[in-house]
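Survey of secondary and tertiary structure
Given next are the chains, with one letter for each unit.
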Amino acid sequence: MELKRIGRKTVYEGKVLDFCKDRMVLPDGAEEEWDFVHHHKGGGAAVVPVLPDGRILMIRQMRPAVDRETLEIPAGARDAGEDPAVTAARELCEETGYRAGRLSYLCTIDTAVAWCDEKTEIFLAEELVREGAQMLDEAEEILVEACSARDLLAGIQNGEIRDAKTVAGICAYLSVFCQG
């Protein structure tokens, strides 16, 4: 016998997320209730913005969910039906004030495969042009920092950088573009 979902009940419908209870049959035939989170928009997009000198634009902001300040690549939720590349370009401009002359796909991550269907598509932004000021939402307070790849790798290794999309984006960029 294999693991199989035999039912799903939505226990809370939110603006972006639904919280569900899945009824599962386990390989031994036993039944259990598992938590599941459905992302209405499917997820988001993120961008690794690389300046001409090789430094990477990062954003620093307070994240109440983890109760600490984080250093991340720019990212945000897709609008319904929106192309992830459009989301990535928009978030880059809003959060940093830069526009990408060239945007290319790096990778896709499933955020938390054990309990959520959210995915994030990550892009590389090159040929950056400063467009102007950040265009932040009311609740956002974001600082922009330009960091070397070496410093970002050190931040990943020492635990300062733990955000999944950021770790995946930096590692994907470095594995493709910094070989040798």
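Before any of the text, the structure's been laid out above.
Residues numbered from 1 in each chain as written. Predicted model: local features only at pLDDT ≥ 70, side-chain atom pairs only at ≥ 80, totals over all residues. Heavy atoms only, no water.

1. Side note on helix H3 (residues 164-177)
Stated precisely, the cut-off is as follows: Secondary structure elements follow DSSP: runs of H or I no shorter than four residues count as helices, runs of E no shorter than two count as strands, and numbering proceeds from the N terminus. One less than the residue count of a helix, multiplied by 1.5 Å, gives the span that helix is expected to have. To sort residues, take the accessible area from a 1.4 Å probe on protein chains only and compare it with the maximum for the residue type: under 20% means buried, over 50% means exposed, and anything in between is partly exposed.
Spanning 14 residues, H3 covers 20 Å between terminal C-alpha atoms, matching the ideal 20 Å at 1.5 Å per step. Within the sequence span of H3, burial applies to Lys165, Thr166, Gly169, Ile170, Ala172, Tyr173 and Leu174.

2. Thoughts on the side chain of threonine 70
To be explicit about the condition: Whenever a nitrogen or oxygen atom comes within 3.5 Å of another N or O atom, the pair is scored as a polar contact, on the condition that within protein one atom can donate a hydrogen and the other can accept it, and that pairs from neighbouring residues in sequence are kept only if both atoms are in side chains. The contact rule is simple, with two residues in contact once any of their heavy atoms fall within 4.5 Å.
Assignment of secondary structure puts threonine 70 in strand E6 (residues 68-72). Owing to a relative accessible area of 6%, threonine 70 belongs among the buried residues under this scheme. Separated by 2.5 Å, the side chains of threonine 70 and glutamate 72 make a polar contact. If near-sequence neighbours (up to four positions away) are discounted, threonine 70 is found in contact with Ile59, Arg60, Gln61 and Arg63.

3. Considerations on helix H1 (residues 84-96)
End to end, H1 covers 18 Å across 13 residues, agreeing with the expected 18 Å (1.5 Å per residue, within 8%). For H1, the full list of buried residues reads Pro84, Thr87, Ala88, Glu91, Leu92, Cys93, Glu95 and Thr96. Against strand E4 (43-49), strand E5 (56-63), strand E7 (75-77), strand E8 (98-110), strand E9 (119-130) and strand E10 (143-147) lie the buried residues of H1. A side-chain oxygen of the first residue of H1 lies 2.7 Å from the backbone nitrogen of alanine 85; this N-cap is aspartate 83. Note on H1: the residue one or two positions beyond its end, glycine 97, has a positive phi of about 85°.

4. Observations regarding the environment of methionine 24
Here methionine 24 is to be found in strand E2 (residues 17-25). Contact partners of methionine 24, with chain neighbours within four places excluded, come to Leu3, Lys4, Arg5, Ala30, Glu31, Glu32 and Trp34.

5. Details of the pattern of salt bridges
Operational definition: Just to be clear on terms, a salt bridge is a Lys or Arg side-chain nitrogen sitting within 4 Å of an Asp or Glu carboxyl oxygen.
Applying the stated criterion to the full structure yields 19 salt bridges. Between aspartate 22 and arginine 5 there is a salt bridge, and its shortest N-O distance comes to 3.7 Å. Of the two residues, aspartate 22 is situated in strand E2 and arginine 5 in strand E1 (residues 4-13); the sequence distance between them amounts to 17 residues. A relative accessible area of 47% means that arginine 5 is categorised as partly exposed. With a shortest N-O distance of 3.6 Å, arginine 60 and glutamate 160 are connected by a salt bridge. Placement of the pair is arginine 60 in strand E5 and glutamate 160 in the loop between helix H2 (149-157) and H3, with a sequence separation of 100 residues. The class of arginine 60 is buried, set by a relative accessible area of 18%. A relative accessible area of 38% means that glutamate 160 is categorised as partly exposed.

6. A word on a nonpolar patch on the surface
This is how the line gets drawn: Each patch groups residues whose relative accessible area exceeds 30% and which form no salt bridge, using 9 Å between like charges and 5 Å between nonpolar side chains of Val, Leu, Ile, Met, Phe, Trp and Tyr. Accessibility throughout is a Shrake-Rupley quantity obtained with a 1.4 Å probe, and a residue counts as covered only by protein chains that appear here.
On the surface, a nonpolar cluster with roughly 300 Å² of combined accessible area is contributed by Val11, Tyr12 and Phe19. Considering the arrangement of structural elements, one finds tyrosine 12 in strand E1.

7. Focus on the sheet that holds strand E3 (residues 31-39)
What counts, and what does not: Criterion used throughout: strands pair if DSSP finds at least two bridges between them. Note on method: axes are straight lines fitted to C-alpha atoms, helices fitted across the in-contact stretch only, with angles between N-to-C directions ranging 0 to 180 degrees.
With antiparallel pairing, three strands are arranged side by side in an open sheet as E1-E2-E3. What marks the edges here is a single partner per strand, and that holds for E1 and E3. Taken over all neighbouring pairs, the strand axes of this sheet differ in orientation by 25° on average, direction set aside. By the bridge criterion, nine bridges tie E2 to E3 in an arrangement that is antiparallel. Residue methionine 24 lies in a different strand from E3, and its bridge partner there is glutamate 32.

Spatial relationships are all this shows, so hold off on functional conclusions.
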